[in-house]
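# Residue-level structural notes
Below, each chain spelled out in residue letters.
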Amino acid sequence: MAIIGKPDRGSVEMNAEECKGCGLCLEACPPKVLHLAEGLNRYGYHPAIYAGVGCTGCGICFFVCPEPGGIRVFRLDAVAAA
Amino acid sequence: MASYTVTHQKARAFYDTYERKAELQNQTHYCPGCGHGIVSKLLAQAIDELGVQDRTVLISPVGCSVFGYYYFDVGNVQVAHGRAPAVATAVKRSRPESIVIGYQGDGDLAAIGTAEIIHAANRGEPITVIFVNNGIYGMTGGQMAPTTLLGRKTATSPLGRDAMNEGFPLHVCEMLNSLEAPVYIERVALGNNKQIMHAAKVVKRAVENQVKGLGFSFVEVLSPCPTIWKMQPVEAQRFVRDEMAAVFGLCNFRDRTKEAQARPARAASPALEDLPRLLDLGNGSGEDAVAACPPQELDLRIKVAGFGGQGVLMLGEVLAEAGLDAGYEVSWLPSYGPEMRSGTSNCHVRLANHAIDSPLVSRPNVLLALNEPSLRKFLPAVEEGGLVLYNGSEIPGDCVRSDLRMVALPFTQLADELGATKVGNIVMLGALLEATGILEQGRVVGALKRLVHPRFFELDLAALARGRGEFRESASDDYLWGV
Amino acid sequence: MQKQLTKGNVAIVKAAVLAGCRAFYGYPITPASEIAEAAALYLPRAGGVFVQAESEVAAINMLYGAAAAGVRSMTASSGPGISLMQEGFSYLAGAELPCVIADIMRGGPGLGNIAPEQSDYNQIVKGGGHGNYRTLVVAPDSVQEMADLTTWAFDLADRYRNPVVVLADGFIGQMMEPVEFAARATLPAAPGWAVRGDAETRKNMVTSLYLEPDILERHVRKLEEKYKQAERNEVRFESWRTEDAEIVLVGYGIVGRILKAAVELARARGMAVGLLRPITLFPFPTQQIRELAKHAKAFAVVELSTGQLVDDVRLALEGRAPVEFFSRVGGNAPSAEDVLAFVEHTFPGSLPQPVAVRQEELIHG
Ligand SMILES: Cc1ncc(C[n+]2csc(CCOP(=O)(O)OP(=O)(O)O)c2C)c(N)n1
Ligand code: SF4
Ligand code: SF4
Ligand code: SF4
Ligand SMILES: [Mg+2]
């Protein structure tokens, strides 16, 4: 996805292998940038995926996700953000 | 290029892969949207942030969270249903430096384990307890929990929980809050982002309190069980927020962390060489105590009997103690059965110059009867030729046995004359010593010194002398029963 | 060390502390309460822990925690409390945790009474809890053995990573005899598998849960092998005047003492009677009893229960010799004279036998 202008303040890495598609992160994400995938992961769940834009790096999805390593959250470095 | 830094990721307190799990080693065993997963995550996060992974011991319950040890890279102890607080108590007391975290469900903690949690809290055990209240027995497939809301249908409340039949939802925090000892009690919920973020803080506080050495910290977490509730995870989250939290108020019930004193460290352990002394060993009569076994043949089988308060057991104990001192084999066996309550008391004492087979005296050769019922009860068993001392002015006519040496003396009255009814037993002991000549005076005095209260020691010596004197005066020489 | 007149229940505690026991968790019950009382006094002096638990259920689970943390620990109770502990016994054995439990038996069933009985035999020796486990069981007959077998129980518990029960009765718990305690105190290091809450033991885990059938079977087989090993290596018994015995009396604990007196009475009357006293009840002296059947004509089991030990004697003999049975219960104990009368009545043919009787033994009877 082409990024024009300011980079997003945050980013997430969704672990499709650990995700159980419960949807709690979708509900929790303030800017609603997470979705369930059309396809299934190898356990048969629709894993949550990040649309690739709009993440604020707030970390909320991390806390609401019941899987220990379901989500990794990144935040834009201060220098780069300036 | 913009650069990014990781701010949130899997806690170090979790294993990378769950090798203790038979399969699917990258996922938990929890259902999609299960609150246990979230609580585990908050806990692991707290352990990381407080830097106590190496010190932590997690006590896992029986319930859906039974497999804590699959995930947590900390010391793990899995325990019986409801007993986590008891186990946690002992782990913490055994290893005061460890950070002991009990994790329990509502069936586990609030039904089968009610006693254990209340008492661990009441003792103020300096542990952390995480109580996951999902209002249901998840693991066993959805039976009613003590925390199930009124009206809720479960496998064992098919018509809905009815207060008249199943009672009311149990409020554990409120119950624990009636206790003096706990330091920190809070109920939180996993009903929305805000609640979850707050729960994260509270869980951390509860562990931190322990790190600071403060007392018992308890966090109840209202938690979704989408599977058994038959709800979508998001819907279950809403149920926690709207329905459960309405019944179980979210509240910090107690925070005494400011006033609480850190527990004093246990005193240093004594050196092993000091243990015998600390165990009161080797405080017998001293160096001059036991020499070789005395040469006399001796096989005293003594029955002492009377009513409680006459010093029956003490009389026997002085004999055994003095006998041991004099180098005999001894045994002392008290009656302690129900008859003790109804007032009678007796003991079996043996003194012998050889190994004692049975400490039970069934054929006594000495009967010390401190009252008439005891005389009547045990007289028939006394061996021919035996000695009977009876506490009375004369032997009742129908009790006289010509094959025995029987002496009646009013031992209690003699004691009264000395000013203390209670030394009647020692007066009798004096008479026995005089009659049999079995033990040197010094041995008996030594035993008395060790066994009786210093306040009574002089009185007991007087009693002993009085018993000897009375026996000499009253009994003719034929009665002297040397051995 | 000099002998000291000591109560059975107190001897257990002193011996335990000398053996490195540093934790006692218990709940009072007659006739075992003095054990908790002595522990409350001596454990803290030794730098150990004493907690009066809220129940025997809690107590046995506290033992589970202390044992998991690698501390030598013990509890004590009597029938009703031991019944409550049975779940814990099963967990301890399943999780392979060592600890020592003293059962000072009293009358049952139900509240029964507080007088001595031996009616917990089956519950303890056969295992009153669920699953394929055993407890190792030692049965003292004197206060000296209360001390010695407690010491040994801690070693056995560690060696087999299994709970060990000191099975005594109210008589032995309550009586006083001279005891010579171990001259030296020991304090073994915590075992490597313990969960001590430190970096070194972080990967350690204690559990009795084995979800996969194959893994549980492997675990149960391992336990089974340990119990077989105990059967090979740990049997203890006392054989008293059995060399020429035609009638062998069998009894444990206080009954063993009574039977010794009965043997002397019988010998004085010319009867060839001996005593076999199991000191370990599990493992049971099966071979030794079987061996005696080569010479003995009959066995007579005496116990303070209505027939529990006798089953194991019958199993040991597998019909090689007749087994007679005599019991008193409810807090009563047979006298040596009662046992003699029973023997004379049951084996009329055995009186009198021309047996050479050594003079001094008669005097000492
Ligand atoms: C003594 C005993 N009784 C019953 C059980 C069966 N059992 C296992 S878990 C459980 C209830 C668990 O419910 P809860 O504590 O609420 O945990 P959840 O699964 O809901 O997290 C029961 C009754 C058991 N394991 N042990
Ligand atoms: S970090 Fe915040 S914004 Fe980004 S995906 Fe997660 S919840 Fe949404
Ligand atoms: S919360 Fe976690 S498990 Fe649930 S859908 Fe999102 S990433 Fe997947
Ligand atoms: S049954 Fe309920 S509590 Fe158990 S794992 Fe599933 S959602 Fe969680
Ligand atoms: Mg539950």
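Residues numbered from 1 in each chain as written. Chains lettered and ligands numbered in written order. Predicted model: local features only at pLDDT ≥ 70, side-chain atom pairs only at ≥ 80, totals over all residues. Heavy atoms only, no water.

### Some details on the arrangement of the chains
Summarising the chain contacts, 2 pairs of chains touch, and the pair with the most contacts is chains B and C. Over all C-alpha pairs, chain A and chain C never come within contact, reaching a minimum spacing of 19 Å. (Contact = heavy atoms within 4.5 Å.)

### Observations concerning the coordination of the magnesium ion (ligand 5)
Tetrahedral coordination by four donors puts the ideal angle at the metal at 109.5 degrees, and octahedral coordination by six puts it at 90 or 180 degrees. All names here are of chain B. Around the magnesium ion (ligand 5), the protein contributes the donor atoms D106 (OD), N134 (OD1) and I136 (O), which lie 2.1 Å from the metal centre. Here the donor residues for the magnesium ion (ligand 5) map to a single chain with the spacing D-x27-N-x1-I. Placement of the pair is D106 in helix α4 (residues 106-112) and N134 in the loop between β5 (128-133) and β6 (136-137), with a sequence separation of 28 residues. Summarising the burial analysis for this pair, D106 and N134 share the class buried. (Donors = N, O, S within 2.8 Å, 3.2 Å for Na, K, Ca; no water. Helix = DSSP H or I, 4+ residues; strand = E, 2+ residues; numbered from the N terminus. Buried < 20%, exposed > 50% of the residue type's maximum accessible area, 1.4 Å probe, protein only.)

### Section: the sheet that holds strand β4 (residues 71-76) of chain A
The 3 strands lie next to each other as β1(A)-β4(A)-β1(B), forming an open sheet whose pairing is antiparallel. The open sheet terminates on both sides in strands that have one partner only, identified here as β1 (10-14) of chain A together with β1 (4-8) of chain B. The mean angle between the axes of side-by-side strands here comes to 35°, regardless of whether they run parallel or antiparallel. (Pairing = 2+ DSSP bridges. Axes fitted to C-alpha atoms, helices over the stretch in contact; angles between N-to-C directions.)

### Comments concerning the site of ligand 1
The local shell around ligand 1 holds 17 residues, among which H36, C64, D106, D108 and G138 of chain B are the closest. More than one chain reaches ligand 1: its neighbouring residues belong to chains B and C. Between an oxygen atom of ligand 1 and a main-chain N or O atom of C64 of chain B, the distance comes to 2.8 Å. At 2.2 Å, a side-chain N or O of D106 of chain B approaches an oxygen atom of ligand 1. The protein chains hide 77% of the 590 Å² of surface that ligand 1 would expose on its own. Element by element, the count of residues in the shell around ligand 1 is highest for α4 of chain B, at 4 residues. The residue makeup of the shell around ligand 1, split by class, is 6 nonpolar, 8 polar and 3 charged. (Near = heavy atom within 4 Å. Polar contact = N/O pair within 3.5 Å; in protein donor to acceptor, adjacent residues only side chain to side chain. Areas by Shrake-Rupley, 256 points an atom, 1.4 Å probe, with all protein chains shown as cover. Nonpolar A, V, L, I, M, F, W, Y, C, P; charged D, E, K, R; others polar.)

### Digging into the domain arrangement of chain C
Residues and elements named next belong to chain C. In terms of domains, chain C is made up of domain 1 (4-233) and domain 2 (237-364). Here domain 1 and domain 2 have C-alpha centroids that lie 29 Å from each other. Taken together, the 33 residues of domain 1 in the interface contact 24 residues of domain 2. A buried area of about 2300 Å², summed over both sides, lies between domain 1 and domain 2, and 54% of it is on carbon and sulfur atoms. (Domains from an automatic or database assignment. Buried area = accessible area lost by both parts, 1.4 Å probe.)

### Digging into the pairing of strand β1 (residues 4-7) of chain C
The side chains of a regular strand alternate, first on one face of the sheet and then on the other. All names here are of chain C. Neither face of β1 is open: one carries Q4 and T6, the other L5 and K7, and all of them are buried. When β1 meets strand β9 (residues 176-179), the two strands line up antiparallel, connected through 4 bridges. By the bridge assignment, L5 is partnered in β9 with P178.

### Structural notes on the interface of chain C and chain B
Facing 81 residues of chain C, the contacting portion of chain B comprises 77 residues. Summing the contributions of chain C and of chain B, the shared interface buries around 6300 Å²; its carbon and sulfur component is 62%. Put simply, chain C and chain B have 6 salt bridges between them. The closest approach of N and O atoms between R202 of chain C and D54 of chain B, which form a salt bridge, is 2.8 Å. The interface formed by chain C and chain B holds 21 residue pairs in polar contact (both at pLDDT 80 or more) in total. The element contributing the most residues to the side of chain C that touches chain B is helix α3 (residues 56-68) of chain C, with 8 residues. (Salt bridge = Lys/Arg side-chain N within 4 Å of Asp/Glu carboxyl O.)

### Some details on unusual backbone geometry
For the bond from G108 of chain C to P109 of chain C, the omega torsion is 0°, close enough to zero to count as cis. Checked against the element boundaries, P109 of chain C lands in the loop between β5 (99-107) and β6 (113-116). Of note in the backbone geometry, D280 of chain B takes a positive phi value of approximately 60° without being a glycine. Positive phi outside glycine occurs at E96 of chain C, with the angle close to 55°. Summarising the element assignment, E96 of chain C is placed in the loop between α4 (79-94) and β5.

### Remarks on the nonpolar core
When a protein is soluble and globular, its nonpolar side chains tend to lie buried together. Judged by nonpolar contacts, the single largest core of 165 residues is most densely connected at I59, V77 and F218 of chain B together with Y64, L249 and F299 of chain C. When sequence neighbours within four positions are dropped, the list of residues in contact with Y64 of chain C reads V77, Q78, V79 and V87 of chain B together with Y91, L92, A95, L97, V206, T207 and S208 of chain C. Core analysis: the second largest hydrophobic core is formed by 65 residues, L26 and C61 of chain A together with Y103 and V203 of chain B among them. (Core = buried A, V, L, I, M, F, W, Y, C linked by side-chain atoms within 4.5 Å.)

### A word on the environment of T89 of chain B
All names here are of chain B. Here T89 is to be found in helix α3 (residues 84-94). Residue classification places T89 among the buried residues on the basis of a relative accessible area of 0%. Measuring from C-alpha to C-alpha, the distance between T89 and R123 comes to 9.3 Å, with 34 residues separating the pair along the chain. A distance of 2.7 Å separates the side chain of T89 from the backbone oxygen of P85, its partner in a polar contact.

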